[in-house]
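A closer look at the structure
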Amino acid sequence: MAHILELRNLTKHYGAVQALRGVDVDVHEGEVLAICGDNGAGKSTLIKVVSGAHAMTSGELRLHDQPRRWSSPHDALSNGVATIYQDLALAPRLSVWQNVFIGAELRHNLLPGLSVLDKTAMRSRTRHYLQRLNQDMDDVDRPVSDFSGGQRQAIAIARALRWQARIVVMDEPTAALGVRETARVLALIHQLKREGVTVMLISHNMEDVVQVADRIVILKAGRVAAQGVARGVAASDLAQAIITGKWPSMIGATVPA
Amino acid sequence: MAHILELRNLTKHYGAVQALRGVDVDVHEGEVLAICGDNGAGKSTLIKVVSGAHAMTSGELRLHDQPRRWSSPHDALSNGVATIYQDLALAPRLSVWQNVFIGAELRHNLLPGLSVLDKTAMRSRTRHYLQRLNQDMDDVDRPVSDFSGGQRQAIAIARALRWQARIVVMDEPTAALGVRETARVLALIHQLKREGVTVMLISHNMEDVVQVADRIVILKAGRVAAQGVARGVAASDLAQAIITGKWPSMIGATVPA
Amino acid sequence: TKLAIIGFQMSSETHARVVNAAKAKAESMGWDVQVLNSKGDMSTHINQLETVLLTQPDGIIIAMGKPLQSGDQYRKASEAGIPLVTVMSGTSPDALVDIAVNEYSAGAQAALYLLDHLNYRGNILTQRFEGNAGTRIRGKILDVVLSENPAVKVIGSHTMARTASWRDDVQAGMNALLLKNQGKVDGIWASFDAQAYIIDDILRQQGASKGKPVLVSIDGGAETYRRIADPASLLMATVMIPFEKMGEKAVDVIDSIAVGKASRDTVAHGPYIYMDAELVDASNVEQYVKKD
Amino acid sequence: MHGWLGRYGTCMAGIILFVFFALCAPNFLSVLNLSNIVKQISFMALLGLGFSMALLVSELDLSFANICSLCAVCVGWLVHTGHDPALAVFVGVLVGTGAGLLNGFLVTGLRIPSLIATLATASVANGLSFMVTDGVAFVGQWDSRFLWLGRGAVFGVPTLIIWLLAANLVAWFMLKQTRLGFRMLAVGEASEAARLAGVNVRTIKVIGLALSGLAAGIAAVLMTSSLASAAPNSAADLMLTAIAAVLLGMTMFEPGRANVPGTLVGAIIIGMLGNGLVLMGVEYYFQDILLGVIIVASVALSSSVLKKAAFSL
Amino acid sequence: MHGWLGRYGTCMAGIILFVFFALCAPNFLSVLNLSNIVKQISFMALLGLGFSMALLVSELDLSFANICSLCAVCVGWLVHTGHDPALAVFVGVLVGTGAGLLNGFLVTGLRIPSLIATLATASVANGLSFMVTDGVAFVGQWDSRFLWLGRGAVFGVPTLIIWLLAANLVAWFMLKQTRLGFRMLAVGEASEAARLAGVNVRTIKVIGLALSGLAAGIAAVLMTSSLASAAPNSAADLMLTAIAAVLLGMTMFEPGRANVPGTLVGAIIIGMLGNGLVLMGVEYYFQDILLGVIIVASVALSSSVLKKAAFSL
Ligand SMILES: Nc1ncnc2c1ncn2[C@@H]1O[C@H](COP(=O)(O)OP(=O)(O)OP(=O)(O)O)[C@@H](O)[C@H]1O
Ligand SMILES: Nc1ncnc2c1ncn2[C@@H]1O[C@H](COP(=O)(O)OP(=O)(O)OP(=O)(O)O)[C@@H](O)[C@H]1O
Ligand SMILES: [Mg+2]
Ligand SMILES: [Mg+2]
């Protein structure tokens, strides 16, 4: 399988804190790669480097075999990497549709050379995305601050969808979601995969991980502690693996290149 | 069993939105009461009314059989109701210990009549609380914004603990926590219960709920759809019950008064 | 030889005129000049004086200062033997001399000119400014003159409330007053010329012509004389305050004492050196227009 | 916050004030007076419009008044020394925009907080204005084409009113209908969220501050033309009133956010107060007192609705 | 943000400036001049201290300068009409605190945004000052005990310096060591989080604004005594410089937050600039220009460290 994304010896310091201490991860085209680990293991930091939100301190990031250095999230987005952040990164006082379309506004031509915002289109696309997530928020003009924690998470997911990216990075996308809504997101991940999209998923919910992941990387204190193919791994084994930092031995620590 | 808290016909409107449409809930002294429901069902709104963060639109709240009207969170806190909010409500630029002790500062007398902050005590108590949650954050002087999502959640839990309240209300306290840390919080809930503290718990994780709850209330669109004793209920049954809004029939819809 | 010139509020044009003239004159006489601007702020003014004293200049000129409030600093200057001359500031025991014009007589000249041209009856508007001693005195003298001439009625008055964007303020206030009293205004009195320019422009835009109403003010200057001479302008007269000459005179005084070693008494007898204020109107404006 | 009274309370207070003056202040309602009010507020409203562009991207521009003064003396100097008025206007607008861009560079490039950066620019602009003029205002004879800009009329409508409306329309259209305006809004509301969504936050902030400078330049040209004079601090006192207009505007239409119609109405209310009180013959210091009281009263009216909404602060 | 240069960069720039003036400005190092500088900045620093108390609880107080002027004319009027200086001082401080409390009521009670509320209070205070004085300053002979407050010395140390240090020490102790200070910090950083933690946010905000008024009152007393005069706009020009001192201070010690030592050092830097440039004989308009340039340079120094930290805006 081809590598769509390769991370080589990635480190990231926040001042004195070393969040990543030399991480190597290969992401295969079209797979769902789960990244697991304790709180503070460095998962969010890793995906922030991938998404261009933070600059890495050292290391290399290769996309389609090309070395890249994102200087902003914009670079990552325009290279087909879209991200759902753990803290959602929404503008609370802006409406749902505005949040979904910041940075990727739909426009139509009012006069030749003068294109204006196509609000109707943005509203209806927003409703469409939310329906895919089984969230009925009819009034996409209400500000995000009016919505419940789970509803906000759905908005953040909808936002990532509108990019139609080649790689979608999700940092705990279901943490605030209910049972049904979680099932929908898992189904969505399956569907993205079917469409050929590569997904990087961070989750603390082992059931969810074993259900959708192709491969799993376990981070511990800023390093890759173990990784392997997800098939056949039980949720409880995975939980154990995160604690010990060792791949469940009965499965065999396959580390496919 | 005595009712420590009774909610009668509670309603709450946000402008045109009706988040609670007449909710009756009894909370028994010393129990762990789980509140479940879809995203947007009104769970957070319910606990915000209980914690004094929002005023109810109408209805009655009785604590120890006394009717109460909180005019601010301060009222609730000083009546022994402490809350962990879904959005954590931390001050990102303040340090960990400062966040834990806002509003309940420890002081010692410098001169008679002049008491000053006891920072040493606050730092060490903070470390103590975090250790109980299995979080090793030695540097409690770092700002909260330096910590990962799960670490922040632990800080918010530590903050609620320092109140030593009679009723602890937790809105999805484990959403961002890892496997081990989640286990710790569940153990903590058990321990609180042993100490006679009443716990109201909101969670989307059915495994967790059936593991710690004594009783379960299911909200749906701002109303109590069903409730019952938790013993013997399976996680999957509960998930089903939230979707249908009906208590799992094989268990028998016991509604203890 | 070093000369410090402090303008109390350089954004006020008259202060700047005194200072600029003094600076030019002193530099032509070979002085090394430092100009300071107190921006109209008393504590800044005192700070600057204190600081300037530490640089031990050979002379200090203060334009439109406040001797009552900076008496201590004046005393320090006189104790240090630094000649200090004020312009239009009032007296101080520690200043060599104050170069002044008689604001009372200037005010009276302008007021009487206005009333003369109204034949001592009719309605007038006044544009005042209370924030400056000179303009306040002019206003008070006008009040005295009016109290003896009850046939002239003040039907509207606007007091300038701002000091920086005052042009805007005057324009707004006068526009309102003129409108309110449309057709009833026979004369307009302005406390200083630059106010009169604004009023003149408003009247011209409304199509008024010279003499209807009569517009007078006080200060003088090239632009004023141009307007007095201009048949299209409504400005009829001013009382010329010789700001430039006062600045130059201050330099002369300092120079004669610091360089010429003249004694204080040869410079002036009393605390003031008065300069002539002269009424300028159509009859004599020609000589001023040429002169400037 | 989003109730009717929250949105239109201040506006309503303005209408009450209008009716009051119409009844009590002689000549208040005359066409001439009304057009005078609009003319008088035009500089304040233009500067406020610029300030609100910067405020929308969450930057506070405290330099606009001094930049306006600097532009005014540049324009004055050029026209006065016999240069083509068109050149003078161009230079005036250019200096304003340039100063705004400088602010933008200081804020995004050197990462100096905007309050400090613009205070510094203000100080520099002030010094330069005095350097250009030596403290003396440019007055006297002006090119009549230049004066037309601020004093002329088109079909009886004063040019000042036309410029003011045009500027407001363009700004409003830009904010509501174009991508740039949308991104300014997003950056102002949550710059980190906008950055993560791929918006170039720095560029947007620079644009916001540059627009403030542009507005200062335009206001300077019109002010110089309308007053037929240019002094080194001619706009200084407009700083607080323009800011007041914007803040007052923030209680209307889109509460809590700087907005175009709000700023305009805010400026009208403040201008109407000054005008009406003069017409009523109120002592000058009472004008300040009443201005304060009326601002409080109108805003309290619009925010009283907030009190009902629970007890959040 | 938390590196050494981020915390002490501006401070270091101040020291560089000090050394520069010591070398180039004659008499700069003389004891008399240094004590002059401290005396000169004392009003700015006191007003800045008050402003930073309000800013700490996230409220912008734009009224402190006008409140200070109002207090000054009240004090001036009382002393001048022969009342006991003690009474005058008491009334002056009381008026300031009262005005601050009024701001607090407008902000927390009527829920008017502080920028608007304090602009309104400022306008009213300005009107009242002119009403009390008719635009004329109180000057002349003053009770000598009253003058001692601002002009005296204790063991050779000017009283102004003593008051200034005392006020800073008290404020610093209050903020760092007491519960009130801690809660002010919490309210300023995250008022909703503080409210949910049981802090009475409104009371704390009222206290912050009242402290700003109190500082204005104290500054007014000292200013009147030191200048031996009280004019209706005596503190007007201190508004921008005091705010500049606070903002400059926010780049030091606790970057991004108003703090006591920062405000003091900020005021000293600004005061030193004015003084040193005069000593060096720089033209008055160059002073403004250089002031702006030097502020930018020093803050850029302290924030240059930020540029290294990733590319967050
Ligand atoms: N902005 C920051 N400044 C300083 N330290 C940080 C910052 N962000 C994260 N850290 C530290 O870096 C480490 C890794 O954090 P990260 O957010 O990547 O963890 P995580 O694996 O996502 O944890 P969680 O599961 O709790 O979200 C933690 O120790 C955290 O304290
Ligand atoms: N501040 C608000 N203003 C307006 N509407 C609100 C506000 N907060 C919540 N709502 C609405 O009230 C309803 C209930 O919200 P609530 O936060 O109580 O849900 P919840 O059960 O906690 O959901 P979740 O599981 O997603 O956290 C939702 O429809 C939401 O959109
Ligand atoms: Mg994380
Ligand atoms: Mg919730």
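Every chain begins its residue count from 1, and numbering advances along the sequence as written. Here the convention is simple: chains get letters from A, ligands get numbers from 1, in the order in which they are written. Side-chain atom pairs in this predicted model are given and counted only at pLDDT of 80 or more, local residue features only at pLDDT of at least 70, and totals for whole chains, interfaces and linings cover all residues. Each side-chain value is worked out from all heavy atoms of the structure, with water and hydrogens disregarded.

Our focus in this paragraph is the state of the cysteines. For the purposes of this analysis, a disulfide is any pair of cysteine sulfur atoms at a distance within 2.5 Å. Scanning all chains against the criterion turns up 0 disulfides over all chains. Cys71(D) supplies the cysteine sulfur nearest to Cys68(D), a cysteine that is in no disulfide, at a spacing of 6.6 Å.

When the parts of a complex come together, some accessible area is lost, and that lost area is often taken as the interface size. Residues and elements named next belong to chain A. When cut into domains, chain A gives domain 1 (1-80 + 167-184 + 197-257) and domain 2 (90-165). Note on contacts: a residue pair qualifies if any of its non-hydrogen atoms lie within 4.5 Å across the two residues. Taken together, the contact between domain 1 and domain 2 spans 14 residues of the former and 11 residues of the latter. Between domain 1 and domain 2 the total buried area reaches about 1,000 Å² when both faces are included, carbon and sulfur atoms providing 59% of it. Looking only at domain 1, the three residues that lose the most surface to domain 2 are Leu 77, Leu 177 and Arg 184, adding up to 43% of its buried area. We define a polar contact as two N or O atoms separated by no more than 3.5 Å, with the added condition that, inside protein, one atom must be a possible hydrogen donor and the other a possible acceptor, whereas residues neighbouring each other in sequence contribute only through side-chain atom pairs. Counting across the interface, domain 1 meets domain 2 through 4 residue pairs in polar contact (both at pLDDT 80 or more). The secondary structure listing takes helices from DSSP runs of H or I that are at least 4 residues long and strands from runs of E that are at least 2 residues long, numbered from the N terminus. Listed by contribution, the elements that provide at least two residues to the side of domain 1 that touches domain 2 are β9 (167-171) and α6 (179-194). The leading source of residues in the side of domain 1 that touches domain 2 is α6, at 3 residues. Polar here means any residue outside two lists: the nonpolar Ala, Val, Leu, Ile, Met, Phe, Trp, Tyr, Cys and Pro, and the charged Asp, Glu, Lys and Arg; Gly therefore counts as polar. Along the lines of polarity and charge, the residues of the side of domain 1 that touches domain 2 split into 8 nonpolar, 2 polar and 4 charged. The split of the chain into domains comes from an automatic or database domain assignment. Two parts lose some accessible area (1.4 Å probe) when they are put together, and adding that loss for both gives the buried area.

Glancing now at the interface of chain E and chain D. Contact with chain E, which involves 47 residues of that partner, is made by 47 residues of chain D. When the two sides are added together, the surface that chain E and chain D hide from each other amounts to roughly 4,200 Å², 75% of it contributed by carbon and sulfur. For salt bridges, the criterion is a side-chain nitrogen of Lys or Arg within 4 Å of an Asp or Glu carboxyl oxygen. Counting across the chain E and chain D interface gives 0 salt bridges. In this assembly, chain E and chain D are joined by 4 residue pairs in polar contact (both at pLDDT 80 or more). Elements with a contribution of two residues or more to the side of chain E that touches chain D: α4 (85-109), α5 (114-133), α10 (201-227), α11 (238-249) and α13 (284-308) of chain E. For the side of chain E that touches chain D, the leading source of residues is α13(E), giving 15 residues. Of the residues belonging to the side of chain E that touches chain D, the class tally is 31 nonpolar, 9 polar and 7 charged.

On to empty space enclosed by the protein, then. We place a 1 Å grid over just the protein atoms. Points where a 1.4 Å probe fits but has no way out form a cavity, open points with protein on both sides within 12 Å along at least 5 of 7 lines form a pocket, and any residue with an atom within 4 Å of a point lines it. Grid points are joined across faces, edges and corners, and a volume is the space filled by probe spheres set on the points. Summed over all chains, the structure comprises 10 cavities of 30 Å³ or more. In this structure, the largest cavity encloses a volume near 180 Å³. Lining the largest cavity we find 16 residues, and of these Leu60(D), Leu62(D), Leu115(D), Leu62(E) and Leu115(E) sit closest to its centre. Those elements that provide at least two residues to the lining of the largest cavity are α2 (31-56) and α11 (238-249) of chain D together with α11 of chain E. Per-element tally for the lining of the largest cavity: the top contributor is α11(D), with 4 residues. Grouping the amino acids of the lining of the largest cavity by side-chain chemistry returns 16 nonpolar, no polar and no charged.

Residues and elements named next belong to chain A. The protein atoms donating to the magnesium ion (ligand 3) are Ser 44 (OG) and Gln 86 (OE1), with metal-donor distances spanning 1.9 to 2.1 Å. You can see Ser 44 sitting in helix α1 (residues 43-51) and its partner Gln 86 sitting in the loop between β6 (81-84) and α3 (96-101), a full 42 residues away along the chain. Accessible area is worked out with a 1.4 Å probe on protein chains only. A residue is then buried under 20% of its type maximum, exposed over 50%, and partly exposed in between. With a relative accessible area of 15%, Ser 44 lands in the buried category. The exposure class of Gln 86 is partly exposed, given its relative accessible area of 23%. Each metal site lists N, O and S donors within 2.8 Å (3.2 Å for Na, K and Ca). With water left out of the atoms, a site can look as if it is missing ligands.

Our next topic: α5(E). All names here are of chain E. Take the residue count of a helix, subtract one, and multiply by 1.5 Å to get its expected span. Taking 1.5 Å per residue, 20 residues should reach 28 Å; α5 reaches 28 Å between its end C-alpha atoms and fits that length. Where burial is concerned, most of α5 is hidden: 15 out of the 20 residues are buried. Of the residues one or two after α5, Asp 134 is the one with positive phi, at around 60 degrees.

Two pairing modes exist for strands in a sheet, parallel and antiparallel, and in both the strands are linked by backbone hydrogen bonds. Residues and elements named next belong to chain A. A strand pair is defined by DSSP finding two or more bridges across the two strands. Taken in spatial order, the 6 strands of this open sheet run β6-β9-β10-β3-β11-β12, and their pairing is mixed. Lying at the two open borders of the sheet, with one neighbouring strand each, are β6 and β12 (223-229). Shown here is a sheet whose adjacent strand axes are inclined to one another by a mean of 15 degrees, direction ignored. For helices, the axis comes from a line fit to the C-alpha atoms of the stretch in contact; other axes are also lines fit to C-alpha atoms, and the angle between any two N-to-C directions lies between 0 and 180 degrees. Packing of helix α8 (residues 235-244) onto the sheet brings it into contact with β3 (32-37) and β11 (215-220), and relative to β11 it is tilted by some 30 degrees.

It is worth spelling out the UniProt feature "domain: ABC transporter" (unreviewed entry) in chain A at this point. UniProt positions are given in the numbering used here, feature names are shortened, and annotations may be inferred rather than shown by experiment. The positions that UniProt labels "domain: ABC transporter" (unreviewed entry) are, in the present scheme, residues 5-246 of chain A. As annotated, residues 5-246 of chain A comprises 33% helix and 30% strand, and the C-alpha atoms at either end are separated by 24 Å.

Attention now goes to the pairing of strand β6 (residues 81-84) of chain B. Residue and element names in this part refer to chain B. A two-sided burial pattern is seen for β6, the buried positions comprising Val 81 and Thr 83 on one face and Ala 82 and Ile 84 on the other. The sheet contact formed by β6 and strand β9 (residues 167-171) spans 4 bridges and is parallel. Within the sheet, the bridge partner assigned to Thr 83 lies in β9 and is Val 169.

Take the site of ligand 2 next. Inspection of the region around ligand 2 gives 21 residues, with Asp146(A), Ser148(A), Gly150(A), Ser44(B) and Thr45(B) positioned closest. Throughout, the term near means that a residue has one or more heavy atoms lying within 4 Å of the molecule or strand in question. At ligand 2, the nearby residues belong to more than one chain, namely chains A and B. In this structure, a nitrogen atom belonging to ligand 2 sits 3.4 Å away from a side-chain N or O atom of Arg142(A). Within the backbone of Ala41(B), one N or O atom sits 3.2 Å away from an oxygen atom of ligand 2. Surface accessibility in these figures is a Shrake-Rupley result with a 1.4 Å probe; residues are shielded only by whichever protein chains are displayed. Relative to its unbound accessible area of 640 Å², ligand 2 is 89% covered by the protein chains. Each residue belonging to the shell around ligand 2 can be placed in one class, and the counts come to 4 nonpolar, 12 polar and 5 charged.

What follows concerns the side chain of Asn168(E). Residues and elements named next belong to chain E. You can see Asn 168 is positioned in helix α7 (residues 159-177). Residue Asn 168 is classed as buried on the basis of its relative accessible area, which comes to 7%. Discounting chain neighbours no more than four positions away, the residues touching Asn 168 are Leu 49, Val 260 and Leu 264.

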